[in-house]
Amino acid sequence: MSVIGSRLAGLVHAQAQGDATERARHERFIVSRMTTGTVALACLPPCLVWRGVPSTGEYLAFICLVLPLVAAVLLIRTGSLALAHGVSSFAFTGLIACTAAWTGGLSSAAAIWLVAVPLEALVSGSRSAAVAATVVAALGALLIAALEAAGLLPTVEPWLPSLAVPVFTLAALAHAASLAFVSVRSEAVRRDADRARDAQDRILLQAIDDLVTWHDRNGHVIKASPAAAKLLGVAPAALNGRGLFARVHVSDRPAFLKAISDAAMSERPVAVAFRLHLGEPASGVHRVLWVEMRAHRIETSATDEGCAVVAVTRDISEHRRQTEELDQARAAAEKADLLKGRFLATVSHELRTPLNAIIGFSEILASTSIAVEEERRREYAEIIRGSGNHLLEVVNTLLDMSKIETGNVDFAPEAFDLAELIHGCCDLIGLRSEQAGVRLIRDIVSDLPDVVADRRACRQILINLLSNAVKFTPRAGQVTVALRRERNRVLLSVTDTGVGIGEEDLPRLGDPFFQAGPVFERKHEGTGLGLSVVRGLVGLHRGTLSVESGLGQGTCVTVALPFDCRDGGSVQGTGAVQVLAFPRRRETLALKTG
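Residues numbered from 1 in each chain as written. Predicted model: local features only at pLDDT ≥ 70, side-chain atom pairs only at ≥ 80, totals over all residues. Heavy atoms only, no water.

Asks: Would you take a moment to explain the pattern of salt bridges for this structure?
Replies: Between side chains of opposite charge, pairing is possible as soon as their charged atoms come close. In the structure shown here, the tally under the stated rule is twelve salt bridges. With a closest N to O distance of 2.8 Å, Arg330 and Asp327 form a salt bridge. Of this pair, Arg330 and Asp327 both sit in helix H11 (residues 317-366), three residues apart, roughly one helical turn. Owing to a relative accessible area of 46%, Arg330 belongs among the partly exposed residues under this scheme. Between Asp427 and Arg442 there is a salt bridge, with the nearest N and O atoms lying 2.5 Å from each other. Here the residue Asp427 occupies a position in helix H13 (residues 418-436), and Arg442 occupies one in strand S7 (residues 439-444), the gap between them amounting to 15 residues. By relative accessible area, which is 36% here, Arg442 ends up partly exposed. (Salt bridge = Lys/Arg side-chain N within 4 Å of Asp/Glu carboxyl O. Helix = DSSP H or I, 4+ residues; strand = E, 2+ residues; numbered from the N terminus. Buried < 20%, exposed > 50% of the residue type's maximum accessible area, 1.4 Å probe, protein only.)

Below is the structure:
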């Protein structure tokens, strides 16, 4: 039997090999028609011996008995079950017509077999085969009626109708019972195949981590796979209806609904990325998961549950995090490359100018062929000293910035009077402000307690802020240094009436080597590292730095430090400095800090 089964499976056309139900239909058709044709060929010699030379009707009946073999061959070669059933229905109808003609025409019991022609095609074939068989059976009935009306039917033996009635009736009942049995068996096979397929689908859906959901055209979930528990931490039934939609992030809901709608109308799959809230909405869980959904359209005839779209949703949080890290690394590399170019351009200018002055005037002073007056000699020496101090200042600033970026700053907090430190820094900058024609005003509260901070770092912060304020304030302007207390913090602000900073440059303040304004219009020297150093030192003290400025309206820089900088006091943050930059308003000097 296994050999016969394998041989029979080899006769089925390749089109039907993939579907178990269709393959079973082909096998039944091939077996039944080949059996019928073989039996007809086997009965031909005894009939010839018994009947002698056959009549025309008998020839036609014999041809109809052999045609099922032709139908089986057509099915094997073409794989078209409708065509094979058409040939078989024609042969079956021809055999019934011949038998009815011999036994009394339409009143013959054989005519009842015409009903079995479309019934058999419907049970073992398809709708198109049943329609074709119905047409062939109707034509057979019309042919019998036409022959009977024309008187062309052969003479009926008196005993034949009385014998044919029970025989054909019983045969018709037996054939109908066999068709019913085949139909029931086919339905049972189909149900078993469906159950096996459903079991396989359930096993597959339980094995994969991706969430599979079936939606109607409005995006409502009709059913969901067990992966809902793995992905979202909820039962699959919790996603039914608007359960999944309720977990989509509010900002991503339009994209979610649009993807479902586009998938329902398109032949191609639609992909969309959005955020999902984990757990139950009422549980207070605020963790958000990034997912990607690929939605595919379902043909309406393929389901009776109203499903229009099937979607596969997978977690892409890790992939998105890696992508963001790559973007950040790329941005950091581009920024580092930009800083390198800016560093070379700035430092080369800041070093070349004083070095040229030092070398040039040193050669003049060392030359024996050039007579230099004493007053001119002192002037040259003063230029060399000033250029050297400028070089030392540039190098010290670069070293300080390098220490801050690498985390190698020596932080030695101690208790000291911040007001006294401010007075000392103002005295140091006072001479420079007098030479620049800028008035330096001190507004310092005297009853403040000591702060615990790094004295050297605080001094450098104040000197950098005062130097910048004096540098960018025109003659007859003023710079105000204010110190006051705000709850458990001390606020140090330096306000000037200088040129101010444009709105487009405010967000970039504190970037290394950045200087506001067009490059070729700058009137002041500098590396652009002063505010960067201040920002790093303020961050070292767990403080905050805010800048308020407007073009032509001056600048106000405020540093907020906790009284005890060893643990950051109660200031929020982890040490990163927050720079709040926003246009200054003339009517107020109110500061905003983190």
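Asks: What should I look at first to understand the sheet that holds strand S2 (residues 221-224) in this one?
Replies: Pairing between the strands of a sheet is mediated by backbone hydrogen bonds and can be parallel or antiparallel. If you trace the five strands from one edge of the open sheet to the other, you get S2-S1-S5-S4-S3, paired in antiparallel fashion. Edge positions in the sheet fall to S2 and strand S3 (270-277), since each has one partner strand and no second. Along the sheet, successive strands turn relative to each other by an average axial angle of 30 degrees, direction set aside. Here strand S1 (residues 211-215) pairs with strand S5 (residues 309-315) via five bridges, running antiparallel. Pairing of Thr213 across the sheet is with Ala311, part of S5. Set on the sheet, helix H10 (residues 253-265) makes contact with S1, S3, strand S4 (288-297) and S5; between it and S4 the angle comes to about 15 degrees. (Pairing = 2+ DSSP bridges. Axes fitted to C-alpha atoms, helices over the stretch in contact; angles between N-to-C directions. Contact = heavy atoms within 4.5 Å.)

Asks: In this structure, what is going on with the packing of aromatic side chains? I would like to understand it.
Replies: Two numbers describe a pair of aromatic rings. These are the distance of the centres and the angle of the planes. In this structure the tally under the stated criterion is three aromatic pairs. Pairing Phe245 with Phe256 gives two aromatic rings, centres 6.3 Å apart and planes at 40 degrees, and the pair type is tilted. Here the residue Phe245 occupies a position in helix H9 (residues 243-247), and Phe256 occupies one in helix H10, the gap between them amounting to eleven residues. The class of Phe256 is buried, set by a relative accessible area of 0%. The interplanar angle of 75 degrees and the centroid separation of 5.4 Å between the aromatic rings of Phe256 and Phe274 together place this pair among those described as edge-to-face. Remark: Phe274 occurs in strand S3 and Phe256 occurs in helix H10; sequence separation between them is 18 residues. Classification of Phe274 as buried rests on a relative accessible area of 1%. A connected cluster of aromatic rings, assembled from ring pairs, spans Phe245, Phe256 and Phe274. (Phe/Tyr/Trp six-rings, centres within 6.5 Å; stacked < 30°, edge-to-face > 60°.)

Asks: Looking at this structure, I do not really get unusual backbone geometry. What am I missing?
Replies: Both trends apply: most residues other than glycine have a negative phi, and most peptide bonds are in trans. Here the phi dihedral of Arg487 falls at roughly 55 degrees; this positive angle occurs in a residue that is not glycine. Counting through the fold element by element, Arg487 comes out in the loop between strand S9 (478-486) and strand S10 (489-496). Here the phi dihedral of Arg542 falls at roughly 60 degrees; this positive angle occurs in a residue that is not glycine. The topology assignment puts Arg542 in the loop between helix H15 (530-540) and strand S11 (544-549).

Asks: Got a minute to help me understand the packing of H13 against helix H14 (residues 455-471) in this structure?
Replies: What describes two packed helices is the angle between their axes and the distance between those same axes. Their axes nearest at 10 Å, the elements H13 and H14 cross at an angle of 25 degrees. As far as their axial angle goes, H14 and H13 are roughly parallel. For H13 against H14, the interelement crossing comes out right-handed. The segment H13 lies against H14, with Leu421, Ile422, Cys425, Cys426, Leu428, Ile429, Arg432, Ser433 and Ala436 engaging Arg455, Cys458, Arg459, Leu462, Ile463, Leu466, Ser467 and Val470. (Parallel < 35°, antiparallel > 145°, perpendicular 65-115°, else oblique. Left-handed = near helix turned anticlockwise from the far one by under 90°.)

Asks: Explain the nonpolar core here, please?
Replies: Among soluble globular proteins, nonpolar side chains are generally buried collectively. The biggest cluster of nonpolar side chains holds 40 residues, and the ones touching the most others in it are Leu418, Ile422, Leu462, Leu465, Leu466, Leu483 and Val490. Those elements that provide at least two residues to this core are H13, strand S8 (451-454), H14, S9, S10, H15, S11 and strand S12 (555-562). With nine residues, the top contributor of residues to this core is H14. Setting aside chain neighbours within four positions, we find Val490 in contact with Leu418, Leu448, Val451, Leu483, Arg484, Val559, Ala560, Leu561 and Phe563. Within the second largest apolar cluster, 28 residues are counted, among which are Ala259, Ala264, Phe274 and Val309. (Core = buried A, V, L, I, M, F, W, Y, C linked by side-chain atoms within 4.5 Å.)

Asks: Would you explain the environment of Leu278 in this entry?
Replies: Checked against the element boundaries, Leu278 lands in the loop between S3 and S4. The exposure class assigned to Leu278 is buried, which follows from its relative accessible area of 11%. Sequence separation between Leu278 and Leu231 is 47 residues; the distance between their C-alpha atoms is 8.1 Å.

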